[in-house]
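Remarks on the overall topology
Chain by chain, the residues run as shown.
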Amino acid sequence: MQKRTLLQAAAAVALLGASGLGLAQDNVFKIGLVLPMTGQQATTGRQIEAAARLWMAQNGDTVAGKKVQLIVKDDTSLPDQTRRLAQELVVNEKVNVLAGMGITPSALAVAPIATQSKTPLVVMAAATSSITEASPYIVRTSFTLPQVSVAMADWSPKNGIKSVVTLVTDYGPGLDAEKYFSERFLFNGGKVLEKLRVPLRNPDFAPFLQKVRDLKPDALFVFVPSGAGAAVMKQFGERGMDKAGIRLIGTGDVTDDDQLNDMGDVALGVVTSHHYSAFHPSPANKKFVADFMKANKNLRPNFMAMGGYDGMRVIYEALKKTGGKGGGDALVAAMKGQIFESPRGPVFIDAQTRDIVQNVYLRKVEKKDGQLYNVEFDVIKDVKDPGKSKQ
Ligand code: PHB
């Protein structure tokens, strides 16, 4: 009799334990963050993870009564890995949201998984215009290359640049940058002497820069993904391009805050257009940069960190609004139309396109207190992705 009671008690405890676990599971909100933490795009992963953790440190990990859990996976920037990890996160971990996506091929590889499983996919880095069209569950908090390239094509002819050579990395964002910069530059009366494309994997810029030297344009317009800018800048300097009177212009990816301070004087005076600079002079940004650096051994946040930080905000707000009810559809609906003051400036998630509308700044590299920064000198307000206006 006594034995039976004990057994019954044990069974009751086991049951309780199981249902307790079930309850705990229901009260967890999982974010699967797939990023390149190693390999060629590792700085992007490091920046975004740090920003996501900062957001959680500042805003707590309980939202609408749920415990937010961040699960970080390293895809080494190989899209097959991104797809496999996203699949595991959805099927085994039952994540509520997928996020991250360091490069365009990763985002495109995961888009069908987001659609099939009705899981929101918050793209925090990848920036090819078409990505948001790959799934109705994609929401973007980074930027698009068309969005930032046009401003550069408007600024340059007014500032003594009549001829350019373009040099872009040969995949989605590079092709977007090349197209939107060149078309607008031509429209503004400029001449594009040559369009050069370098491979994404292990690029060697030397032969391309030699060609540019021979062509002698007023300026070289560059897009390379975050992490590759320092190599371009170094070889640009080593080949004496600046001394030969060729200016370097581009999207802000080339003067990436993650690397800028180590680029040396060759970067001084380089003008770029972009949506975020660590030097953006708002109180919200000053606090963001100070908190980020404090939490990360003085690492300066770059535009990738900004995409990760705002991505977390968009997820938190959607969870608050829905209370976690209604699954992925309700979450995406609550992400659409969000409008807020980001450290980068005012931001709006366009309800029609699920893409980000934001200010684009013209910036020049200057030394401030002995450090190199992208110092903003002009702004084009509330820029929509021009890649969408042709729909
Ligand atoms: C992309 O792959 O979409 C991408 C990566 C890095 C950038 C911009 C775009 O800096």
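Residues numbered from 1 in each chain as written. Predicted model: local features only at pLDDT ≥ 70, side-chain atom pairs only at ≥ 80, totals over all residues. Heavy atoms only, no water.

1. Comments concerning the overall build of the protein chain
Each helix and strand in the protein chain was counted, giving eleven helices and 15 strands. For the protein chain, the residues scored as buried account for 54% of the 391 residues in total. Once local pairs closer than 6 in sequence are excluded, the contacts in the protein chain between residues at least 24 apart make up 68%. For the protein chain, the accessible area works out to roughly 16300 Å², and carbon and sulfur atoms hold 55% of it. Here the protein chain contributes 48 positive and 39 negative side-chain charges, whose respective centroids are spaced 4 Å apart. (Helix = DSSP H or I, 4+ residues; strand = E, 2+ residues; numbered from the N terminus. Buried < 20%, exposed > 50% of the residue type's maximum accessible area, 1.4 Å probe, protein only. Contact = heavy atoms within 4.5 Å. Areas by Shrake-Rupley, 256 points an atom, 1.4 Å probe, with all protein chains shown as cover. Lys, Arg positive; Asp, Glu negative; His and termini not counted. Charge placed at Lys NZ, Arg CZ, Asp CG, Glu CD.)

2. Overview of the site of the ligand
The environment of the ligand is formed by 14 residues, the closest being Thr104, Ala127, Tyr171, Ser226 and Asp253. Here an oxygen atom of the ligand and a side-chain polar atom of Thr104 are 2.5 Å apart. The separation between an oxygen atom of the ligand and a polar side-chain atom of Tyr171 is 2.7 Å. Contact with the protein chains covers 100% of the free accessible surface of the ligand, which is 280 Å². The residue inventory of the shell around the ligand, partitioned by class, reads nine nonpolar, four polar and one charged. (Near = heavy atom within 4 Å. Polar contact = N/O pair within 3.5 Å; in protein donor to acceptor, adjacent residues only side chain to side chain. Nonpolar A, V, L, I, M, F, W, Y, C, P; charged D, E, K, R; others polar.)

3. Structural notes on the UniProt feature "domain: Leucine-binding protein" (unreviewed entry) in the protein chain
The UniProt feature table records "domain: Leucine-binding protein" (unreviewed entry) at residues 30-368. The span residues 30-368 is 40% helix and 23% strand, and its two end C-alpha atoms sit 41 Å from each other. (UniProt positions renumbered as here; feature names shortened; annotations may be inferred.)

4. Focus: the packing of aromatic side chains
In total, this model carries ten aromatic pairs according to the counting rule given. Ring centres of Trp55 and Tyr316 lie 5.8 Å apart, and the angle between their planes is 90 degrees; on these two criteria the pair is classed as edge-to-face. On the criterion of sequence distance, the pair formed by Trp55 in helix H2 (residues 42-59) and Tyr316 in helix H10 (residues 303-322) is long-range, its members being 261 residues apart. Considered together, Trp55 and Tyr316 belong to a single accessibility category, that of buried residues. Arranged with centres 4.6 Å apart and planes meeting at 50 degrees, the rings of Phe288 and Tyr309 form a pair that is tilted. Here the residue Phe288 occupies a position in helix H9 (residues 283-295), and Tyr309 occupies one in helix H10, the gap between them amounting to 21 residues. Here Phe288 and Tyr309 have matching classes, each one buried. An aromatic cluster of at least three residues, connected via ring pairs, comprises Trp55, Tyr276, Phe288, Phe292, Tyr309 and Tyr316. Cation over ring: Arg300 sits above Tyr373, and NZ or CZ is 3.8 Å from the ring centre. (Phe/Tyr/Trp six-rings, centres within 6.5 Å; stacked < 30°, edge-to-face > 60°. Lys NZ or Arg CZ within 6 Å of the ring centre and 35° of its normal.)

5. Details of helix H6 (residues 172-187)
Each α-helix winds once per 3.6 residues, and so residues spaced three or four apart point in a common direction. For H6, with 16 residues, the first-to-last C-alpha span of 23 Å sits near the 22 Å given by 1.5 Å per residue. Those residues of H6 lying buried are Pro173, Gly174, Asp176, Ala177, Glu178, Tyr180, Phe181, Ser182 and Phe185. For H6, the elements touching its buried residues are helix H4 (104-117), helix H5 (145-155), strand S7 (163-169), strand S8 (191-198), strand S9 (219-223) and strand S10 (247-251). A positive phi of about 95 degrees marks Gly189, the residue just after H6. (Expected span 1.5 Å × (residues − 1).)

6. Re the confidence of the model for the protein chain
Within the protein chain, residue pLDDT values average 94, and 93% of them lie at 70 or more. Segment residues 12-23: pLDDT under 50, and zero contacts once partners within four positions in sequence are set aside and those in other chains are kept. (pLDDT = per-residue confidence, 0-100.)

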